[in-house]
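Coordinate inspection notes
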Amino acid sequence: PSLARISYKHGNRFARASDFSSAQEALQIALYATDNCLGRIREIISSPEDNNDASSERSSPSTNKSYQIQEQEMLLLSKQNFYVLSHVFQSIDEIAKAKQCL
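Here the structure is a predicted model, which is why all the values come from computation and not from measurement. (Residues numbered from 1 in each chain as written. Predicted model: local features only at pLDDT ≥ 70, side-chain atom pairs only at ≥ 80, totals over all residues. Heavy atoms only, no water.)

Secondary structure summary: the protein chain contains five helices and zero strands in total. Its helices and strands taken in sequence order, the protein chain reads α-α-α-α-α from the N to the C terminus. In the protein chain, buried positions account for 30% of the 102 residues. For the protein chain, restricting intrachain contacts to residue pairs at least 6 apart in sequence, the fraction spanning at least 24 positions comes to 59%. When the accessible surface of the protein chain is totalled, it reaches about 6800 Å², and 50% of it is carbon and sulfur. (Helix = DSSP H or I, 4+ residues; strand = E, 2+ residues; numbered from the N terminus. Buried < 20%, exposed > 50% of the residue type's maximum accessible area, 1.4 Å probe, protein only. Contact = heavy atoms within 4.5 Å. Areas by Shrake-Rupley, 256 points an atom, 1.4 Å probe, with all protein chains shown as cover.)

Turning next to the pattern of salt bridges. Tallying each qualifying case throughout the model produces three salt bridges. Where Glu94 meets Lys97, a salt bridge forms, and the shortest distance between an N and an O atom there is 3.2 Å. For Glu94, a relative accessible area of 29% gives the class partly exposed. (Salt bridge = Lys/Arg side-chain N within 4 Å of Asp/Glu carboxyl O.)

Here we take up helix H2 (residues 20-46). Over its 27 residues, H2 runs 38 Å from end to end, which matches the ideal 39 Å to within 8%, given 1.5 Å per residue. Three or more residues of H2 are buried, namely Phe20, Ala23, Gln24, Ala26, Leu27, Ala30, Leu31, Ala33, Thr34, Cys37, Leu38 and Ile41. Packed against the buried residues of H2 are helix H1 (2-16) and helix H4 (61-91). (Expected span 1.5 Å × (residues − 1).)

This part covers the nonpolar core. Taken as a class, soluble globular proteins show a tendency for nonpolar side chains to be buried jointly. The biggest cluster of nonpolar side chains holds 20 residues, and the ones touching the most others in it are Tyr8, Leu27, Met74, Leu85 and Val88. Mapped onto this core, the elements with two or more residues apiece are H1, H2, H4 and helix H5 (95-101). Ranked by residue count, the leading element in this core is H2, at nine residues. Residues in contact with Met74, not counting those within four places in the same chain, are Pro1, Arg5, Thr34, Cys37, Leu38 and Ile41. (Core = buried A, V, L, I, M, F, W, Y, C linked by side-chain atoms within 4.5 Å.)

With respect to the element layout, Glu71 can be found in helix H4. Given a relative accessible area of 14%, Glu71 falls into the buried group. Look past the residues within four positions of Glu71 in its chain and what remains in contact with it is Leu38, Ile41, Arg42 and Ile45.

This brings us to the packing of H2 against H4. Where H2 contacts H4, the two axes come as close as 9 Å, and the packing angle between them is 155 degrees. With respect to their mutual orientation, H2 and H4 come out roughly antiparallel. For the crossing formed where H2 meets H4, the hand is left-handed. Here the contact of H2 with H4 is built from residues that sort into 19 nonpolar, eight polar and two charged. (Axes fitted to C-alpha atoms, helices over the stretch in contact; angles between N-to-C directions. Parallel < 35°, antiparallel > 145°, perpendicular 65-115°, else oblique. Left-handed = near helix turned anticlockwise from the far one by under 90°. Nonpolar A, V, L, I, M, F, W, Y, C, P; charged D, E, K, R; others polar.)

Okay, unusual backbone geometry next. Most peptide bonds adopt trans geometry, and most residues besides glycine take a negative phi value. Look at Ser18: it is not a glycine, yet its phi comes out positive at around 65 degrees. If you trace the backbone, Ser18 turns up in the loop between H1 and H2. One non-glycine residue, Asp93, lies in the positive phi region at around 60 degrees. Looking at where Asp93 falls in the secondary structure, it is placed in the loop between H4 and H5. For Asp93, a relative accessible area of 65% puts it in the exposed group.

Printed below as a string of C-alpha cells:
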C-alpha cells in the first residue's frame, strides 16, 4: 500500500508541475501497485479457513474488517489515480485515453 500511495503522491505533484511524462509513469506504477495489493487483499479475505493458528487469526472478524478497510482505501486511491491520469492524458491531447480512464 505504501508504494501505491507514494507513487500517487509523486504523480499528482508531477502533473501539477506539468511534467506529464513523469506523472504518467508514477501514476502507472501506483495503479500497478494498487492492483497488486487489491489482489492480495481479496485473496486473503476469500481464502478458506484451515485449522492452523495463522489462518484462524487471519480470518478473525477484526482482522477481516481491517482487510476490508484497507481494500476500501486502495479502491479510493485507484479512483484518484485514474482521475489524475485522465487529466494528464487530456493535457497531452490523448482524449481517447482520458475518456478510458474515466
